[in-house]
Amino acid sequence: CFDEFNRIDLDVLSVAAQQVACVLTAQRERRSEFVFVDGQSCSLRAGCAYFITMNPGYAGRQELPQNLKSLFRGVCMMVPDFGLIMRVKLASCGYYENQVIAKKFDILYNLCKQQLSKQTHYDYGLR
């Protein structure tokens, strides 16, 4: 799994595209071994998979080249319902008034996001 894949320089992304294409071709042909473009031989497990995460639109992020973009299937994510997540976490800890407490925490976190510092090291998510 490659996290924030689109932060990698374009030169490196181009090499990664070639290597991913080699692995994908070997998987399609059901090989147990394959050779990379540079001549290095590698064994391949049948259940091997690769995943990337991206945050497009942020400063310092690259647009993936088309040859690399075509090797991955896109999955869109959405902003989670923090109130519901907090309610479930509180209920699982035994809080009977989980709905009321979760709503208060949700309001608190939203106020923190809106009114406190916007510096990147502050995170008011549910980490």
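Higher on the page you've got the structure.
Predicted, not measured: the structure shown is a model, and the values here were computed from it. (Residues numbered from 1 in each chain as written. Predicted model: local features only at pLDDT ≥ 70, side-chain atom pairs only at ≥ 80, totals over all residues. Heavy atoms only, no water.)

Topic: the pattern of salt bridges
Then, in step 1: For the structure shown, the criterion picks out two salt bridges.
Then, in step 2: Between E4 and R7 there is a salt bridge, with its nearest N and O atoms 3.3 Å apart.
Then, in step 3: For E4, a relative accessible area of 22% corresponds to the partly exposed category.
Then, in step 4: Between E29 and R31 there is a salt bridge; the shortest N-O distance is 2.4 Å.
Then, in step 5: Given a relative accessible area of 43%, E29 falls into the partly exposed group.
Then, in step 6: A relative accessible area of 40% places R31 in the partly exposed class. (Salt bridge = Lys/Arg side-chain N within 4 Å of Asp/Glu carboxyl O. Buried < 20%, exposed > 50% of the residue type's maximum accessible area, 1.4 Å probe, protein only.)

Observations regarding the packing of aromatic side chains
Then, in step 1: Counted according to the given criterion, the structure contains five aromatic pairs.
Then, in step 2: Measuring from centroid to centroid gives 5.6 Å for Y50 and F72, while their planes differ by 85°, and the two rings are edge-to-face. Of this pair, Y50 sits in the loop between strand 2 (41–43) and helix 2 (66–69) while F72 sits in the loop between helix 2 and helix 3 (82–92), and the two are 22 residues apart along the sequence.
Then, in step 3: Its relative accessible area of 19% is what places Y50 among the buried residues.
Then, in step 4: Through a chain of ring-to-ring contacts, the aromatic side chains of F2, F5, Y50 and F72 assemble into a single cluster. (Phe/Tyr/Trp six-rings, centres within 6.5 Å; stacked < 30°, edge-to-face > 60°. Helix = DSSP H or I, 4+ residues; strand = E, 2+ residues; numbered from the N terminus.)

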